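# Summary of structural features
Residues per chain are reported as follows:
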Amino acid sequence: MKTIIYAHPWEKSFNHAILTTLTQKFQQNGDAYQVIDLYADHFDPVYSQAELKAFSKGDTLINW
């Protein structure tokens, strides 16, 4: 399966045009793919001090 990692908030951006082109091409070829949209997932690449402390102990602040 192919994975596209997408990270742009504006649907008229060049990045979005690339995403559209790739997904159309994959669909035409019958390729399995997934899109990971970092903005839709509210991804924050910055660790807080509390997150880093938990990570260093093999823990997380997320309550599953």
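This section reports on the structure supplied with the text.

So, how was this worked out
- Residues numbered from 1 in each chain as written.
- Predicted model: local features only at pLDDT ≥ 70, side-chain atom pairs only at ≥ 80, totals over all residues.
- Heavy atoms only, no water.
- Phe/Tyr/Trp six-rings, centres within 6.5 Å; stacked < 30°, edge-to-face > 60°.
- Buried < 20%, exposed > 50% of the residue type's maximum accessible area, 1.4 Å probe, protein only.
- Helix = DSSP H or I, 4+ residues; strand = E, 2+ residues; numbered from the N terminus.
- Contact = heavy atoms within 4.5 Å.

## Points about the packing of aromatic side chains
Counting across every chain of the model gives two aromatic pairs. Between F26 and Y33, the aromatic rings sit 5.6 Å apart at their centres with planes inclined by 45 degrees, giving tilted as the arrangement. Classification of F26 as buried rests on a relative accessible area of 12%. For Y33, a relative accessible area of 25% translates into the label partly exposed. On the numbers, 5.8 Å between centres and 35 degrees between planes, the contact of Y47 with F55 is tilted. Residues Y47 and F55 agree in their burial class; the two are exposed.

## Structural notes on the side chain of T23
Inspection of the secondary structure puts T23 in helix α1 (residues 14–29). In contact with T23, not counting residues within four places along its chain, are I4, Y33 and V35.

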